[in-house]
Amino acid sequence: GSSTVLFSATDRTFKDLEPYDNQISYAVEDYGSSTTEAILYVQAQSACTPDQTPFLTSFSPSKMDCFWNDNSHAGCKVKLQANLSAADVSTFRIQTADGYGASCALTRNAFPNCLDSCKSIPPSELDCLPDLSASDIGKSMVYCYTAVATYPSGTSIGKSCYSKPICFRYNILGRSPVFQSPSPSFLGPGNVKYPACLGAPLGLNLVASDSDPAESVRIFVDDVSPGAGSFFSDLPGSASSCGQFGAYKATRVGDNMHQIVARTLSNASLDSSINASVSPNVSFSGTSASQTIVFNLDVRDGNVVLFDNETSAGFTRRSLILNDKRTICAHAYDNTRFRYHRWANREYEQLYFHNLGSYVTTQCWDIVMQAPPVFVTSPDGCKPTKQGKTITYSCTPFTEPSMFEYDFTAAAHVRAKLDIPVGFQVVLTLTAMDPNPEDRVEILFLDNPGLPVSNVMVERSTCVAPPSTSACSACTSKCHSSCNVAQRRLMWTPANADMGRTFKLCALAKDDSTMCAGRIPDASSQGWSGERYCVELRAVQLRFRWTGSLVDWMVKSAAPLQAFVGCTLSLDLIPALDLADYSATGSVAWENATANMVEVQTAQSGQTSSFYFRPMRGSEGRLVTACFAVGSDSLSFSSRGICREDGNRNCNSDADCGAGRCSDVCINIQVDKCRYCVKKDNVLGELLGNFGLKTNWMRIWTLNADSRQQLGTFCEDYLDCERSSTDSSEVISDRSLLARSAAPWDKVVVWVGTQYSAESGETARQVSCKFRTAFKDLQSMNPDLPLSSLDFSFPSRSSVCIPSCSVGPTPEERALMGC
């Protein structure tokens with residue numbers, strides 16, 4: 001008879017098929033619920049008993065995927081078995097059901113041992129699919145198979161009996177695009193690490209192609225990192241414990257570069273059907289597409305790397321700080337959906353990759369920031385400590401204005417200039433740190449320009465152990481691992497032969513990372529050579545300031561210091577070292593103070609040198625110049641000059657004084673005539689006995705019957721005699737008493753004669769006759785004048801000491817003198 005069957009179908013709609021602004025979220029209505037595929041089987045023969053009806057068994061899944069270009073149909077062959085209980089069957093076969101593809105059958109006669117006697121067909125493969133082409137991509141072909149037993153016409157049945165059919169769905173698949181670039185080392189499952197190297201373009205060049213004929217390809221790259229921000233954003237990142245980074249500012253260049261969000265359809269909210277149009281920002285290329293991700297890791301932009309210019313507890317200054325990695329995924333799509341207008345790729349789990357039924361290959365990378373090691377220092381730029389004769393820099397010193405600039409050039413600019421006194425040892429510790437905690441760092445000294453040739457010792461580069469506590473959990477680049485910080489020490493003691501010479505030392509910080517090999521000139525399979533650091537060590541004389549009473553008097557007046565026979569002049573000279581906490585000191589010596597009848601003594605106490613000047617009888621009227629020098633054999637230095645314009649610093653030449661002048665450290669001492677220094681309790685005894693003067697008490701009293709201020713006999717504070725200049729009492733108040741003085745001074749200066757200023761051309765004879773003074777007494781009181789005869793002619797305004805109330809010449813002498 002005839003039957004009428006009514007079928008109804010409902011389309012399962014997609015919700016949020018297209019994401020918005022990188023929000024990858026999809027939902028399918030009733031997705032995941034069970035479905036039923038119904039096959040209507042109309043059995044017209046009623047004369048077939050169960051024994052006469054074949055039974056068909058399948059050993060294959062009901063759904064199979066077949067690649068269009070594999071005409072062997074290796075993945076789409078079905079394995080079936082047929083069984084029959086009845087006998088006397090003329091033919092027994094497995095064939096395609098009516099209406100399901102071309103005629104295709106498997107009979108028992110295909111098995112030689114079976115022939116017409118077999119009541120079963122053993123499990124066998126059957127391939128009934130036709131040859132496929134690319135136009136079949138995305139199609140679903142349904143084939144049903146049935147087992148047919150045909151009985152001879154002379155039997156009670158005389159017809160064919162059919163088994164219930166078994167149907168299979170064949171999904172005809174295409175091939176997904178594949179990435180030919182980057183290199184295979186950067187392709188693979190999961191997130192592959194891809195380095196962003198400081199100073200080099202990212203170099204992520206993507207090329208994808210599709211081997212299915214006439215299909216087009218597009219590449220879309222997006223940032224899938226967790227949290228806020230995007231690798232392709234121009235907005236700066238939020239401040240963190242690492243610092244305030246600028247925007248990454250990566251860009252897409254090449255095919256499909258204008259697709260910046262995941263949306264593909266023009267307006268999915270209105271039309272997300274299989275015929276929906278593509279967004280104008282989405283473009284397909286030919287069978288191959290290429291796109292380059294442009295990004296530069298640059299200190300100056302501050303996009304991903306910062307300069308640690310801030311003082312942070314537990315960390316060093318100048319260290320590089322890198323931003324966190326970013327995860328980006330590149331999707332290579334073909335255009336099967338838009339070409340064939342069907343959902344070709346039936347892997348619904350691929351919805352995450354936004355294929356919308358097209359074929360896609362996805363590759364993800366972790367963009368990891370990479371930078372070489374740099375030399376780091378303390379927050380204050382590494383100030384030295386000094387102890388004894390050792391100057392220690394416990395970290396990398398920086399003294400030049402360019403401290404906050406990195407130097408990755410071969411020129412290796414000088415970052416510090418250090419003056420090292422000859423005889424002192426400098427201990428220089430260089431420290432380098434890598435912002436990638438997994439890297440190992442070492443410090444190398446460069447052969448050019450090399451090291452000082454003598455008195456130098458260099459230790460090996462060593463790893464700095466991490467601190468017991470770490471504050472780097474939120475900032476990886478501040479992490480201190482087992483060896484991403486290295487130190488190397490150099491010790492040098494300049495000798496006398498090095499005085500004035502400058503030695504340039506250059507070091508290189510190098511890590512063991514090979515991630516940037518071939519992309520940076522200094523990065524290779526042996527590691528990455530990072531920052532170069534140069535320091536200039538200049539061997540100099542020890543610098544100090546001249547201090548003490550001697551310098552005070554030099555500054556106070558240029559006039560000679562006044563000295564008296566019988567008194568001691570004492571002065572202190574202290575070389576105040578710039579390196580004040582050194583225990584080593586220099587000694588100070590007199591020079592050129594060798595005039596006749598002068599005694600000089602020195603005494604040293606710590607850094608203070610005391611000098612004692614004692615003029616003897618016979619030195620009256622003489623001008624003595626004394627010069628001084630500071631020297632030390634242990635410190636290998638000497639100095640005899642002073643820069644008065646530069647705070648009384650020591651010097652050896654004008655070049656040491658800047659704009660000033662280097663002058664000798666000298667003083668002039670004038671030994672007075674006619675005034676003598678005597679003990680207060682034995683005035684006459686000392687004048688007569690010690691100094692051999694012809695005088696008496698009455699004469700002394702006559703000359704000193706006035707105050708010290710009026711007489712000018714008070715002493716300056718460098719002399720060991722009565723210093724009061726304001727006392728108005730007479731020095732000798734009567735013929736028997738000496739004025740009382742304040743302790744502790746037991747000496748007093750008294751006049752023993754009268755000073756006379758000789759006129760030009762006046763002779764010794766004339767002066768002797770004028771003052772009724774014996775010529776030999778005149779000679780005794782003026783040892784500085786060459787009074788060899790009475791005819792000696794005094795220079796103009798010569799100072800002559802006239803003995804007071806001399807007994808005068810005898811008549812015979814007067815006759816000889818012609819008075």
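Placed above this text is the structure.
Residues numbered from 1 in each chain as written. Predicted model: local features only at pLDDT ≥ 70, side-chain atom pairs only at ≥ 80, totals over all residues. Heavy atoms only, no water.

Enquirer: Any chance you could break down the overall build of the protein chain for me, citing the residues and the numbers?
Expert: Within the protein chain, the secondary structure is distributed over eight helices and 48 strands. In the protein chain, which comprises 819 residues, the proportion classed as buried is 47%. Pairs at least 24 residues apart make up 71% of the contacts formed inside the protein chain by residues separated by at least 6 positions. Surface summary for the protein chain: the accessible area is close to 39,100 Å², and the carbon and sulfur share equals 50%. (Helix = DSSP H or I, 4+ residues; strand = E, 2+ residues; numbered from the N terminus. Buried < 20%, exposed > 50% of the residue type's maximum accessible area, 1.4 Å probe, protein only. Contact = heavy atoms within 4.5 Å. Areas by Shrake-Rupley, 256 points an atom, 1.4 Å probe, with all protein chains shown as cover.)

Enquirer: Can you break down the nonpolar core residue by residue, with the values?
Expert: In terms of nonpolar packing, the biggest core is built from 50 residues, with Ile667 and Leu687 touching the most fellow members. By residue number, the principal contributor to this core is strand 45 (residues 666-679), which donates seven residues. Once residues lying within four places of it in the same chain are set aside, the contact partners of Ile667 are Leu550, Met554, Leu561, Leu571, Val624, Thr625, Ala626 and Phe628. One finds Leu202, Ala289, Val305 and Ile367 within the second-largest nonpolar core, a separate group that totals 43 residues. (Core = buried A, V, L, I, M, F, W, Y, C linked by side-chain atoms within 4.5 Å.)

Enquirer: Can you break down the packing of aromatic side chains residue by residue, with the values?
Expert: Tallying each qualifying case throughout the model produces 17 aromatic pairs. Between Phe231 and Tyr248, the ring centres sit 5.6 Å apart and the planes meet at 55°, which makes this aromatic pair tilted. Of this pair, Phe231 sits in the loop between strand 15 (217-223) and strand 16 (251-254) while Tyr248 is found in the loop between strand 15 and strand 16, placing the two residues 17 residues apart along the sequence. Of the two residues, Phe231 and Tyr248, neither departs from the other in class, the shared state being buried. When the centroid spacing of 5.4 Å and the interplanar angle of 70° are considered together, the rings of Phe398 and Tyr533 count as edge-to-face. One end of the pair, Phe398, is in the loop between strand 24 (390-393) and strand 25 (414-421); the other, Tyr533, is in strand 33 (residues 527-540), with 135 residues separating them in the sequence. A single burial state applies to Phe398 and to Tyr533, both of which are buried. Through pairs of rings, three or more aromatic residues link up here, namely Phe231, Phe232, Tyr248 and Phe295. (Phe/Tyr/Trp six-rings, centres within 6.5 Å; stacked < 30°, edge-to-face > 60°.)

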